[in-house]
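Commentary on secondary and tertiary structure
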Amino acid sequence: MGFNLKAVDVVESISREDFEKNYLNAKKPLVIKGLTKDWPAREKWTTEYLKEIAGDFEVPLYDSSKADPNKPINAAAAHMKFRDYLDLIKREPTELRIFLFNLFKKIPSLVNDIRIPKNLMGGIMEGMPTMFFGGQNSVTFLHYDIDLPNLLHTHFGGRKHIILFDYKWKDRLYCLPNATYALEDYQVDNPDTQKFPALEGVEGYEVILEHGDTLFMPVGMWHWMKYLDGSFSLTLRAWDKSPSRKLASMWSIIRHGAIDSIVKILLKAKYAKWREGAAVRKAERALKLGLPK
Ligand SMILES: O=C(O)CCC(=O)C(=O)O
């Protein structure tokens, strides 16, 4: 009972044709274990190495809260020297995470440690490799990416538990209006379906990533992530080449980023209350009508 989760397909390697037909165009997730086998990063990126090259940087840290009605999403909870943070996640469990960190901007030579997989997919934004760090047990709340990209998410230094849902389940997942995340963190690995009945039967995917694994997440895919060990990831994003998809990405950023943040700041608790009610109404309606079909 609860979610209906299937294992994500896992391959060692894949041809472009197979990937395009069965995953990219089919909007289906996939783990490619061997995509990084020729990346120097696979051996080189230890926490000691990262401390050596970037330990002095001050980094913003995020906790598990996300829905403060007075703050734009992604407001940092604290700051710390990168070196101290890396020591912390190796030493003990913590909910503190680093989210969307462009370490490559600070240390451009890092790009030499990876290989952009252009043979797999076009449109990868080479200037935007972002990094994510988490302590054991830290959780990245369920969301989909605001700019609607295809994502290649590679994990390093430990294991990460990931649960995914197709975009079409948005209403049943209690998505907040104007947002790319849900009403509440209903513990995605053990959801309370008494309190959130529309979650019952929602279909998704599940996988545990290990060091060097790359997860492909298609456009609009909801993702929830729990770091099982203090570890980190690198995400490469690719926008779809069609002008209509590009426009959809731009509009999503404006609506879910700028407009949502402005309304949040102006209306505060009133807005939060309205949209929570709206998310519940939509979820209950979708459940009643058996949506999505
Ligand atoms: O690794 C994480 O903590 C979050 C990753 C994520 O949300 C992404 O790659 O879009």
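Placed above this text is the structure.
A short tour of the structure in this document, coming up.

Rules of the game
- Residues numbered from 1 in each chain as written.
- Predicted model: local features only at pLDDT ≥ 70, side-chain atom pairs only at ≥ 80, totals over all residues.
- Heavy atoms only, no water.
- Near = heavy atom within 4 Å.
- Polar contact = N/O pair within 3.5 Å; in protein donor to acceptor, adjacent residues only side chain to side chain.
- Areas by Shrake-Rupley, 256 points an atom, 1.4 Å probe, with all protein chains shown as cover.
- Helix = DSSP H or I, 4+ residues; strand = E, 2+ residues; numbered from the N terminus.
- Buried < 20%, exposed > 50% of the residue type's maximum accessible area, 1.4 Å probe, protein only.
- Pairing = 2+ DSSP bridges.
- Arc of directions from axis to C-beta.
- Contact = heavy atoms within 4.5 Å.
- Phe/Tyr/Trp six-rings, centres within 6.5 Å; stacked < 30°, edge-to-face > 60°.
- Core = buried A, V, L, I, M, F, W, Y, C linked by side-chain atoms within 4.5 Å.
- Axes fitted to C-alpha atoms, helices over the stretch in contact; angles between N-to-C directions.
- Parallel < 35°, antiparallel > 145°, perpendicular 65-115°, else oblique.
- Left-handed = near helix turned anticlockwise from the far one by under 90°.
- Patch = residues over 30% accessible without salt bridge, like charges linked within 9 Å, V, L, I, M, F, W, Y side chains within 5 Å.
- Salt bridge = Lys/Arg side-chain N within 4 Å of Asp/Glu carboxyl O.

Focus on the site of the ligand
The immediate surroundings of the ligand are formed by F99, F132, T140, H143, D145, L151, H153, K160, H223, M225, Y227 and T235. Interatomic distance of 2.9 Å between a side-chain N/O atom of D145 and an oxygen atom of the ligand. For the ligand, an oxygen atom lies 2.5 Å from a polar atom in the side chain of K160. Alone, the ligand offers 290 Å² of accessible surface; in the complex the protein occludes 99% of this. Contributing elements (two or more residues each) for the shell around the ligand: strand 8 (139-143), strand 9 (150-156) and strand 13 (222-227).

Remarks on the pairing of strand 14 (residues 231-238)
Within strand 14, 8 of the 8 residues are buried, which leaves the element mostly enclosed by the surrounding structure. The alternating pattern of strand 14 places S231, S233, T235 and R237 on one face and F232, L234, L236 and A238 on the opposite face, and all of these are buried. Sheet topology places strand 7 (residues 130-134) next to strand 14; 5 bridges connect them, and they run antiparallel. Residue M131 lies in a different strand from strand 14, and its bridge partner there is L234. In this sheet, strand 14 lies alongside strand 9 in antiparallel orientation, the contact comprising 7 bridges. Counted as the bridge partner of T154 is L234 from strand 14.

Observations concerning helix 1 (residues 16-24)
Among all positions in helix 1, only F19, Y23 and L24 are buried. All buried residues of helix 1 fall inside an arc of 70 degrees around its axis, so they share one side. Residues of helix 1 that are exposed and point over 90 degrees away from its buried face: E17 and K21. Those residues of helix 1 that are buried are in contact with strand 2 (9-11), strand 3 (30-32), strand 9 and strand 12 (214-217).

What to know about the packing of aromatic side chains
The full count for this structure, using the stated rule, is 16 aromatic pairs. Taking the centre distance of 5.3 Å and the plane angle of 75 degrees together, the rings of F99 and F132 count as edge-to-face. Taken together, the positions of F99 in strand 6 (residues 97-101) and F132 in strand 7 put the pair 33 residues apart, joining distant regions of the chain. Each member of the pair, F99 as well as F132, is classed as buried. Aromatic pair Y144 and W222: ring centres 5.2 Å apart, planes at 65 degrees, arrangement edge-to-face. One end of the pair, Y144, is in the loop between strand 8 and strand 9; the other, W222, is in strand 13, with 78 residues separating them in the sequence.

Observations regarding the nonpolar core
By size, the foremost hydrophobic cluster in this structure holds 41 residues, and its most contacted members are W45, F82 and F133. Looking at which element gives the most residues to this core, the answer is helix 4 (residues 82-91), with 5 residues. Ignoring sequence-local partners within four residues, the contact set of W45 consists of F104, L110, D113, I114, M131, F156, F232 and L234. With 27 residues, the next largest nonpolar core counts L173, L183, V188 and L199 among its residues.

Observations concerning the sheet that holds strand 6
Spatial ordering of the open sheet is given by 2-3-12-9-14-7-6, a layout of 7 strands whose pairing is mixed. The sheet terminates laterally at strand 2 and strand 6, the two strands that pair on one side only. With direction set aside, neighbouring strand axes in the sheet form an average angle of 20 degrees. Lying on the sheet, helix 4 is in contact with strand 6, strand 7 and strand 14; it crosses strand 7 at an angle near 50 degrees.

A closer look at the packing of helix 3 (residues 47-54) against helix 4
Direction vectors running N to C along helix 3 and helix 4 enclose 165 degrees, while the axes themselves pass 9 Å from each other. Here helix 4 runs roughly antiparallel to helix 3, going by the angle between their axes. In this structure, the crossing between helix 3 and helix 4 has a hand that is left-handed. Residues T47, L50, K51 and A54 of helix 3 form the contact with helix 4, whose own contacting residues are F82, R83, L86, D87 and K90.

With respect to a nonpolar patch on the surface
A cluster of nonpolar side chains, W251, I254 and I259, forms an exposed patch at the surface whose accessible area comes to about 290 Å². Using a relative accessible area of 48% as the deciding quantity, one classes W251 as partly exposed.

Regarding the environment of L5
If you trace the backbone, L5 turns up in strand 1 (residues 4-7). As a C-alpha pair, L5 and V207 span 202 residues in sequence and 9.6 Å in three-dimensional space. The residues contacting L5, other than those within four sequence positions of it, are I163, F165, G204, Y205 and E206.

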